[in-house]
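The primary structure of each chain is shown beneath.
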Amino acid sequence: MTIELTNITKRFGAFAALDGVDLRIADGELLALLGPSGSGKTTLLRIIAGLDWPDGGDVSFDGENALARGAGERQVGFVFQHYALFRHMTVFENVAFGLRVKPRAIRKDEAGIRARVKELLDLVQLDWLADRYPTQLSGGQRQRIALARALATEPRILLLDEPFGALDAKVRKELRRWLRSLHEEINVTSVFVTHDQEDALEVANRVVVMDKGKIEQIGTPGEVYDYPATAFVHGFIGESVVLPVNVTEGRVWIGNQPLNIAAPNVGGPSKLYVRRHDMQVGSESIGLRGAVRHVRSFGAIQRADIAVCAGGNETVIEIDTPRDHALRTGETVELHPRRYRIFAD
Amino acid sequence: MVRGSSVVTGGSGRRNTLPGFGLTMGLTLTWLSVIILIPLAGLFLKTFELSFAEFANIVTSRRTLNALKISFGLAFAAALVNLVMGSIVVWALVRYRFPGRRIFDAIVDIPFALPTAVAGIALTSLFAQKGWLGAPLAELGIKVAFTPLGIFIAMIFIGIPFVVRTVQPVLIDLDPEIEEAAASLGANRWQTIWRVILPSLIPALLTGFALAFARAVGEYGSVIFIAGNLPNVSEIAPLLIVIRLSEFRYADATAIAVVMLVAAFLIILVVNRLQHWAQMRIPVH
């Protein structure tokens, strides 16, 4: 099912949680909403689910106005960050809940419900836990039961709020892989919210990067990593080295030192963004120099803190270089960004 | 009634990480003995002045049986009413924001704090045949003051805070996400309340019920003013005990007291078991 969000706004008091968001989610997609806390990503997810209502804008599912329907009528499966399992029910009853509350006319009979729950518990590979209570399960197990419960009623959209948020690193990794393969298996349009770039880049087909209630960039994981559209995206995803520069008449200046790099379409005070692994210590000079402050070596690399004079201030950047070119504390080195972006302030 | 406490067995000679077992256990036993067990043992001892036949005679006499029936029966009914109405009050106080909410919240505690005699006199004048509520009710042919109905109302009055104050914190702690989960799974409001919220509250509801019931069984002050105190009709067991005491028939009084004690103990035991069972279904983290 396709989801279309048009010009969604939502305020909480004076705080604009969402500020004119447009987004189209294609059928069968696995989309990540990525952003820091307060970026509006969870609010957007809850609006799609019908748990919150926008102050303005439209939500449509397959061209139908979804705002005319309540949460229960949207055929949306929602997995909560803290799972929200019903503690007084067994795992089996939790998964069966959505089937049992259907109106009598379209409710499955007991045997039908049993069969469907079994099917879902098999899908999440936890059929052996059917008689347990949620508090007797581990975090990863609860997460999967919450997912099974959301899928029981065959939703047309699956929404997950920070699905890996409360899990430790190892379980998180497993669950990422598992979620991706589950999506390949059931292929239901899925949207998940995360503040963790690894979650988004590893799992999603497409990533929506949000900040302060706005969408900063939409693209594949490769696109948002390699071609960040804004300074925010560059800074938020991956590790960046940031240097303050000034651009006048197409020339880039760092302090009063001109740099031999191009600055298309930018002018005035700006920031030079370089991925940490794209910054090299080399012989090739573009005019960017720094003083080595501290060097430590481990394995095949050495990591150096290099202080660059930018205007009156010093910016210390940390870069990794191969060990064959040994750096000494105190020496001045040429820095060469293999790839870079310049964004105006 | 204890939720998820950590149990420490002590005194086995091994060093315990939680110190003070001996001291606190000793104090607990001494205190409970002095305050509860010794007075109750005295009560039992006093009844041994009676032969079994005499004892049986007293407790099976028509007046005693009726008094016990009135006390326990009306207390049970009043606790049930408090269970239902108290749940509704809690729901409104916790879930909605309305002007005067804090005042209503404070009003709930009044039956705790008010001297019971004051409550009894207030209720009596209110429900007397010329009272504000008594007069219109009398026109409908309903007599409250000086009837069992009056006892019932006094018992409701003193019991309501027990239900409200035990259920309130549990409802406040209930995660709103579970209601959202139910809604997004297609449950309507009624199904959400019935299948999700209410089951989560059952242990607290049972505790509130048991406390309200126990309080109503033992209630004396507020009831005697409104009851009319006709033997066999509107005479509660605690009053009968007082009457026997004033007649210097101490053994008779203690015999009735022992029956009340045992009955109350059994009922609270049953409620506790029910509660335990409900708790087991909702294991604590």
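Counting restarts for each chain: residues are numbered from 1 in the order of the written sequence. Lettering for chains starts from A, numbering for ligands starts from 1, and both go in the order in which the items are written. Whole-chain, interface and lining totals are the exception, using all residues; otherwise, since this is a predicted model, local features are given only for residues with pLDDT of at least 70 and side-chain atom pairs are given and counted only at 80 or more. Where side-chain values are given, they derive from all heavy atoms of the structure, hydrogens and water being excluded.

**A word on the packing of aromatic side chains**
Residue and element names in this part refer to chain A.
Piece 1. Ring geometry is summarised as follows: Phe, Tyr and Trp rings, the Trp one being its six-membered ring, pair when their centres sit within 6.5 Å, and such pairs are stacked at plane angles under 30 degrees, edge-to-face over 60 and tilted between the two. By the definition in use, this model includes 14 aromatic pairs over all chains.
Piece 2. With centroids separated by 4.7 Å and ring planes inclined at 55°, the aromatic side chains of Phe-86 and Phe-97 adopt a geometry described as tilted. Taken as a pair, Phe-86 in the loop between β6 (76-79) and α2 (91-100) and Phe-97 in helix α2 lie far apart in primary sequence, 11 residues in all. Phe-97 shares its class with Phe-86; the two are buried.
Piece 3. Ring centres 5.3 Å apart and planes at 15° place the aromatic pair Phe-232 and Phe-236 in the stacked group. In DSSP terms, a helix is any run of H or I states spanning at least four residues, a strand is any run of E spanning at least two, and both are numbered starting from the N terminus. Accessibility here uses a 1.4 Å probe with only protein chains present; expressed as a share of the type maximum, an area under 20% marks a residue as buried, one over 50% as exposed, and anything in between as partly exposed.

**So, the interface of chain A and chain B**
Piece 1. For this analysis, residues touch if any pair of their heavy atoms sits within 4.5 Å. Counting from both sides, the interface comprises 23 residues of chain A and, opposite them, 21 residues of chain B.
Piece 2. Together chain A and chain B conceal approximately 2100 Å² of surface at their shared face, both sides included; 59% is due to carbon and sulfur atoms.
Piece 3. Buried area: the sum, over both parts, of the accessible surface (1.4 Å probe) that disappears when the two are put together. Looking only at chain A, the three residues that lose the most surface to chain B are Arg-87, His-88 and Val-101 of chain A, adding up to 30% of its buried area.
Piece 4. For this document, the term salt bridge refers to a Lys or Arg side-chain nitrogen within 4 Å of an Asp or Glu carboxyl oxygen. Remark: the boundary between chain A and chain B carries one salt bridge.
Piece 5. The residue Arg-46 of chain A makes a salt bridge to Glu-180 of chain B at a minimum N-O spacing of 2.6 Å.
Piece 6. Pairs of N or O atoms are called polar contacts if they sit within 3.5 Å, as long as, within protein, a hydrogen donor faces a hydrogen acceptor (for residues adjacent in sequence, only side-chain-to-side-chain pairs). Counting the contacts that link chain A with chain B gives four residue pairs in polar contact (both at pLDDT 80 or more).
Piece 7. Looking at the side of chain A that touches chain B, the elements that each hand over two or more residues are β6, α2 and α4 (139-151) of chain A.
Piece 8. Among the elements that take part in the side of chain A that touches chain B, α2 of chain A stands out by supplying three residues, more than any other.

**Notes on a nonpolar patch on the surface**
Residue and element names in this part refer to chain B.
Piece 1. Together, Trp-31, Leu-32, Val-34, Ile-35, Ile-36, Leu-37 and Ile-38 give the surface a local cluster of nonpolar side chains, amounting to about 710 Å² of exposed area.
Piece 2. Inspection of the secondary structure assignment puts Ile-36 in helix α1 (residues 21-47).
Piece 3. Given the relative accessible area of 40%, Ile-36 is considered partly exposed. Only residues whose relative accessible area exceeds 30% and that take part in no salt bridge are eligible for patches, with like-charged residues grouped when within 9 Å of each other and nonpolar side chains (Val, Leu, Ile, Met, Phe, Trp, Tyr) grouped when within 5 Å. For accessible areas, the Shrake-Rupley method is used with a probe of radius 1.4 Å. Any residue's cover is judged against the shown protein chains and nothing else.

**Describing the nonpolar core**
Piece 1. Leu-33, Leu-44, Phe-61, Phe-86, Phe-97 and Leu-159 of chain A are the most contacted members of the largest nonpolar core, which totals 100 residues.
Piece 2. The residues contacting Phe-86 of chain A, other than those within four sequence positions of it, are Asn-94, Phe-97, Pro-134 and Arg-149 of chain A together with Ile-178, Ala-181, Ala-182, Leu-185 and Val-196 of chain B.
Piece 3. For the purposes of this section, nonpolar cores are sets of buried Ala, Val, Leu, Ile, Met, Phe, Trp, Tyr and Cys residues that join through side-chain atoms within 4.5 Å. Among the nonpolar cores identified, the runner-up in size contains 47 residues, and Leu-85, Val-91, Ala-146 and Leu-182 of chain A belong to it.

**Notes on the sheet that holds strand β12 (residues 251-254) of chain A**
All names here are of chain A.
Piece 1. Taken in spatial order, the five strands of this open sheet run β13-β12-β11-β14-β20, and their pairing is antiparallel. Where the open sheet ends on each side, the last strands, each with one partner, are β13 (257-259) and β20 (341-344). The mean inter-strand angle of the sheet, taken between neighbouring strand axes irrespective of direction, is 40°.
Piece 2. DSSP-based pairing: two strands are paired if at least 2 bridges between them are found. Sheet topology note: the strand β11 (residues 240-248)/strand β14 (residues 268-275) ladder contains eight bridges and is antiparallel. In the sheet register, Val-241 faces β14, and the bridge partner there is Val-274. For helices, the fitted axis covers only the stretch in contact; all axes are lines through C-alpha atoms, and the angles between them, taken along N-to-C directions, range from 0 to 180 degrees.

**Concerning α1 of chain B**
Piece 1. Expected span of a helix: the number of residues minus one, times 1.5 Å. Spanning 27 residues, α1 of chain B covers 37 Å between terminal C-alpha atoms, matching the ideal 39 Å at 1.5 Å per step.
Piece 2. The angle between axes fitted to the seven-residue stretch ending at a residue and the seven-residue stretch beginning at it gives the bend at that residue. The sharpest bend along α1 of chain B reaches about 50° and sits at Ser-33 of chain B.

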